[in-house]
Amino acid sequence: MNSSHLTTRAAREGSAPGSGKPVLEVEHLSTCFKTDQGVVTAIDDVSFELYAGETLGIVGESGSGKTVTSKSIMRLLSEHLSFQKEGSVVRFEGKNLVTATEDEMRNVRGARIAMIFQEPMTSLNPVFTIGWQLDEALKYHTKLNRAERKQRAIEMLELVEMPNAKRRFDEYPHQLSGGMRQRVMIAMALCCEPDILIADEPTTALDVTIQAQILRLMDELKSKLNTAIMLITHDLGVVAQTCDRVLVMYAGRVVESAPIAQLFDAPRHPYTKALLSSIPKSGRREHGKRLPTIEGLVPSLFHLPPGCRFAARCAYRDAHCDAVEPELTDAGPRREVRCHYPLEAPEAN
Amino acid sequence: MWTFILRRLLYNVPVYLGILALLMGALRVNDPISGKLGKNPDPSDYLALEQRYGLDQPFAVQYVKLLGDVVTLDFTDVESWTNDGLFVGEMLAESIVPSLAITVPALCLTSVLAISIAIISAFFRGRPVDKTLMVLAVVGMSVSFLVYVIFGQYWFAYLLGRGSGLSYFAIGGYESGLANWPYYCLLPVLISTFVAMGYDTRFYRAVMVEESGRDYITTAKAKGATKTKIMFVHMLKNAMIPIITRIMTTLPFLVMGSLLLEVYFNIPGMGRVLYKAIQEQDFPVVQTFVAIFAALFILSNILTDVLYALVDPRVRLS
Amino acid sequence: MAKFMQQRGVKKLLKDRLAVVSMWVIGAYLLVALGVLVGNLFTEGGLKSETELRIGPDNVPGAWATQSAEARLRDATFYLDSIKKASRGSDPAAAYAALEWGSDRLPAWKPDRIESEIIEPADEISTALADHRELEGNVEALALLDRLEQVVRARIGASHDESGNAQRSAGQSFRMLLGTDRQGRSILVRAIYSTKVAVQIGVVSALISVLIGTILGAAAGYFGGVVDVIVVWLYSTFSSIPWIVLLMVLASAFRGGDWDGTLIPVYAAFCLSFWISPCRVVRGEVMKLKELEYVQAASAIGFGRARILFKHVIPNTAHLMFINFSLLFIGAIKAEVILSFLGLGVKNEPSWGVMINHAKAEVLNGFFWQIGTATVFMVILVLAFNTLSDALQDAFDPKHV
Ligand SMILES: Nc1ncnc2c1ncn2[C@@H]1O[C@H](COP(=O)(O)OP(=O)(O)OP(=O)(O)O)[C@@H](O)[C@H]1O
Ligand SMILES: [Mg+2]
């Protein structure tokens, strides 16, 4: 095993980002939670595709359902507190993951679809060494022997630019800084060369310089391994910098999806526009900026309005918006928007 | 690590000094000698006894003497009042083995069973198995210890095998030797295990459930770990921290928990010796035994902290 | 913030059906206890004398149990022996009139008639019965037994008709409902009376412990410094002695004094060992509360520290006080049983612990009514408190392990 294996797959598959068949198709995915106050639908009818080698950004305010979407894909939500509605499909290699058996899921998790979590501080098991935890993933999904696994794990640590990788191998999570722990998480996620990497706000808990490093790292890995990345973030700066396509979520719904350039140049949903206009023009490439506030509040999942969920905060709404919820409709090539009165389509299109 | 142990030791010194003072004070609320001699003793008898047992000396002197005895573990000069010619040292030596013969197996059995059941329960969390187990645990907890003892003795020692003239368990009594152990001690051990089960299972289950909600469990799942691996490797090692604490803190109480069993089954352990001493107002025995129990308790506390540090790397290295 | 959490907790608690049921059960027990307490004050000699009353033979099983032939013979013999003993005295008429088992008595006959209609025929039957070794399944013996009961047992009751056949009063049936103990006392009456003792011990010791613990814990957490060091030292010390030893030492320390025979030694022993857990919990909570804005704001406005402690901090630990009260109540009731077994607990009064302890010997004879009754009475109450504690913890302290 040497680092050459990292490039082979990219060469083998060699497709340009965003072309060909999607690796992952999510259709009408709805996830509900059983809570004390009743059942809530945290994400409602979410559909999108993910192509090999592309980075799909998912943005939205806190509570819009980004994490729930990604955990639903991986089936990581607790089975007795949550369920998917009838008709939810997560198609991966021709199989519907929503109805896959636990055994099938185990072969997918870690090996084919890997995930990096929002909280690097608590996502590593405090009582096992970094090495042990990296080794575990390799043990489940590769046929390597012990020595090879160790070598591979150290290689991965070096790949994510972990300083002093050999020594870190035997250390415990609490001996590492947040940035280093996130690198371990990335190394762990990538060590079995997954087809899809879901990164749930991989950088929010980190400071700006580390954030930039981590994002660059993910970008490099993507081009080396041709991995599809689902990047969940609050941060439009990060989106502009790294994503090929963006999905905007609001209160459990997808409200707009578009290639990056089009979204920034000509947002078609009022919510997207509000998001974009509230960052200073010069700040578009600036990272570390949180989503600026928009007047009003996100509706509670328990008291969703009958019409458009964004209506209460929308500058363009009318009675129709309050009465009928819009459907997600095509708005140009690879573009969709959920609005009765989408904003002007750009001339160039 | 050594400084850690030393710190814990030093911290517990004032606590132990306090216990001794409290204990000696409480035992002197009722004058021990009038307790022994009756309501209106002959003054000369009284003085003689007071002198013989050193109770005429100032409190501080008696305090230092008791402390010295405990620190040097030398009780050979403390004379029992009611067992002629017996010294506390001998009583302790005789009673410690029967006590351990019940306590240690009971603790091991309880912990293993309770943890296993807790894991099963947490594994099937929210399902009928879990619910049934937890209802049983609460109901079990609500029945008095004494009822278990009485029925345990009645069914297993008295009724079981009576028809065929066999006796599987002793109704009471004790004989030393490993071969005699099942006959005399197994029943008390089983009863004590059964009683502790409800509490422990619930506690361990709560620990497991709490651990199961942690982020690193999701990480392990996302890595493709099986449910059993997650349960027995990821969760159990983390859960060991509260589990160890629990076991260690119940340790000294188990000695006392077996008091009831020892009294009921006539097993000459430390609990029964203490009980009899209290009944017979055997002042020096009571005082020394309680002092020893408290010392054991504090030692087990320190041991807990050390074990804690061994399991949890965060404590170990700080 | 904390207020809000508490209000939400109460709502959640009231939605929990099990919790509501257990609160009703506890309420029922409290009412019974209150009833006994009041009855004790206003009836002559107190209800307590009722618990000492001999209402019939020993170890009579509960009303719906079928008795073995031996037990029936034993019961009949018990009455016959008492009557014969009265007949041998110098004034049989007065002795017969004085014969009383609860509200059961003999018909108001002249001594001659008792002699000829009860004692003589009964003696005859008894002699005949003595020839039979086996009663069970022996038709002839069972017929004799039936006749013996006709002659003796059927004559004993609250009211009698012309021919002396007795009618049992409702009160007596109630007393007999769950049988009698080894001294012919009503198990049901004693178990009900014990409810008062249990509630009394539970309420007094849990309440005092929680108050002491809360005040010490809050003071330690709020003032910190020396106060904290002292309180922590105090509870480390108390908790380093196994509670059962502490209870035994304390209970025996109070022995022989003026308070011997009252419940005060028991209270003292319980309070001294029970205050620790509320103290520890409240201290931790108060240390958290201290950092909260409104507490800091109150001190910035210049309220006195003690006033803030009592007005703002302690009320916000109310939920912990409830949880601890509930847990300690259980602790006290269960500890009472063990202390009573060790002979250090309740004296001069029945209690569930005393009853279970008395039942030891009965169990070996296969008589389970007393131990069963006391256990069921106790289990229902403890179970209700256990359920309530769980619900309280769920509602107010969801993170608790
Ligand atoms: N276990 C759960 N039980 C009940 N509701 C839940 C649960 N997990 C999430 N939710 C609800 O689902 C909605 C979406 O949550 P999610 O965590 O996906 O938001 P998010 O977009 O990831 O937010 P953030 O940016 O803060 O991470 C929220 O309203 C949340 O309250
Ligand atoms: Mg999230």
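Because the structure is a prediction, the values reported are computed rather than measured.

**Some thoughts on the environment of T228 of chain B**
Residues and elements named next belong to chain B.
In step 1: Tracing the sequence through the fold places T228 in helix α10 (residues 227–264).
In step 2: Take T228: its relative accessible area is 42%, and that puts it in the partly exposed class.
In step 3: Put simply, T228 and Q287 are 59 residues apart on the chain and 50 Å apart in space, counted from C-alpha to C-alpha.
In step 4: Contacts of T228, omitting those with residues within four sequence positions, involve F123 and V233.

**Structural notes on the side chain of H234 of chain A**
All names here are of chain A.
In step 1: When you line up the elements, H234 lands in the loop between β9 (228–233) and α9 (236–242).
In step 2: Residue class for H234 comes out buried when judged on its relative accessible area of 10%.
In step 3: Within the structure, H234 has its side chain in polar contact with the side chain of E201 (distance 3.2 Å).

**Considerations on the confidence of the model for chain C**
Residue and element names in this part refer to chain C.
In step 1: The predicted model of chain C has a mean per-residue pLDDT of 85, with 95% of residues at 70 or higher.
In step 2: Ranking the elements of chain C by mean pLDDT puts helix α14 (residues 293–301) last, at 68, and helix α9 (residues 187–223) first, at 93.
In step 3: Model confidence for the complex: the whole-complex pTM is 0.80, and ipTM, which rates the interface, is 0.82.

**A short note on a nonpolar patch on the surface**
Residue and element names in this part refer to chain B.
In step 1: A contiguous nonpolar patch, built from W155, F156, L159, L160, L166 and Y168 and spanning about 570 Å² of accessible area, is present on the exposed surface.
In step 2: Secondary-structure assignment places Y168 in the loop between α7 (145–159) and α8 (181–212).
In step 3: Classification of Y168 by relative accessible area gives partly exposed; the value is 44%.

**Quick notes on the coordination of the magnesium ion (ligand 2)**
All names here are of chain A.
In step 1: The coordination sphere of the magnesium ion (ligand 2) contains the protein donors T67 (OG1) and Q118 (OE1), at a distance range of 1.8 to 2.6 Å. Remark: Q118 occurs in the loop between β7 (113–116) and α4 (130–141) and T67 occurs in helix α2 (residues 66–74); sequence separation between them is 51 residues.
In step 2: The class for T67 is partly exposed, based on a relative accessible area of 23%.
In step 3: Residue Q118 is classed as partly exposed on the basis of its relative accessible area, which comes to 27%.

**Topic: the state of the cysteines**
Residue and element names in this part refer to chain A.
In step 1: By the definition in use, this model includes 0 disulfides over all chains.
In step 2: Left without a disulfide partner, C314 is nearest to the cysteine sulfur of C339, which lies 6.2 Å away.
In step 3: C308 provides the cysteine sulfur closest to C321, a residue in no disulfide bond, and the two sulfurs are 6.1 Å apart.

**Some remarks on the site of ligand 1**
Residue and element names in this part refer to chain A.
In step 1: Taken together, the neighbourhood of ligand 1 is formed by 15 residues, with S62, K66, T67, V68 and Q118 sitting nearest.
In step 2: The contact in question runs from an oxygen atom of ligand 1 to an N or O atom on the backbone of G63, over 2.9 Å.
In step 3: Contact between ligand 1 and T67: an oxygen atom at 2.5 Å from a side-chain N or O atom of the residue.
In step 4: At the level of elements, β1 (22–35) and α2 are the ones that each hand at least two residues to the shell around ligand 1.
In step 5: Sorting elements by how many residues they give to the shell around ligand 1 places α2 first, with 3 residues.
In step 6: In terms of residue class, the shell around ligand 1 is built from 4 nonpolar, 8 polar and 3 charged.

**Here's the deal with a negative patch on the surface**
All names here are of chain C.
In step 1: On the surface, D112, E115, E120 and E124 cluster together into a negatively charged patch.
In step 2: By the secondary structure assignment, E120 is in helix α6 (residues 111–130).
In step 3: Using a relative accessible area of 43% as the deciding quantity, one classes E120 as partly exposed.

**Side note on the interface of chain B and chain C**
In step 1: Each partner contributes to the interface: chain B provides 48 residues, whereas chain C provides 43 residues.
In step 2: Between chain B and chain C, the buried area comes to about 4000 Å², and carbon and sulfur atoms account for 73% of it.
In step 3: Measuring nitrogen to oxygen at the nearest pair gives 2.8 Å for the salt bridge that ties D390 of chain C to R202 of chain B.
In step 4: Across the contact surface, chain B and chain C share 8 residue pairs in polar contact (both at pLDDT 80 or more).
In step 5: Contributing elements (two or more residues each) for the side of chain B that touches chain C: α1 (2–27), α6 (128–142), α7, α8, α10, α11 (270–279) and α12 (283–311) of chain B.
In step 6: When residues of the side of chain B that touches chain C are assigned to their parent elements, the largest contribution, 8 residues, is made by α1 of chain B.
In step 7: Its residues assigned to classes, the side of chain B that touches chain C shows 39 nonpolar, 6 polar and 3 charged.

Each value, and the rule that gives it
- Residues numbered from 1 in each chain as written.
- Chains lettered and ligands numbered in written order.
- Predicted model: local features only at pLDDT ≥ 70, side-chain atom pairs only at ≥ 80, totals over all residues.
- Heavy atoms only, no water.
- Helix = DSSP H or I, 4+ residues; strand = E, 2+ residues; numbered from the N terminus.
- Buried < 20%, exposed > 50% of the residue type's maximum accessible area, 1.4 Å probe, protein only.
- Contact = heavy atoms within 4.5 Å.
- Polar contact = N/O pair within 3.5 Å; in protein donor to acceptor, adjacent residues only side chain to side chain.
- pLDDT = per-residue confidence, 0-100.
- Patch = residues over 30% accessible without salt bridge, like charges linked within 9 Å, V, L, I, M, F, W, Y side chains within 5 Å.
- Areas by Shrake-Rupley, 256 points an atom, 1.4 Å probe, with all protein chains shown as cover.
- Salt bridge = Lys/Arg side-chain N within 4 Å of Asp/Glu carboxyl O.
- Donors = N, O, S within 2.8 Å, 3.2 Å for Na, K, Ca; no water.
- Disulfide = S-S within 2.5 Å.
- Near = heavy atom within 4 Å.
- Nonpolar A, V, L, I, M, F, W, Y, C, P; charged D, E, K, R; others polar.
- Lys, Arg positive; Asp, Glu negative; His and termini not counted.
- Charge placed at Lys NZ, Arg CZ, Asp CG, Glu CD.
- Buried area = accessible area lost by both parts, 1.4 Å probe.

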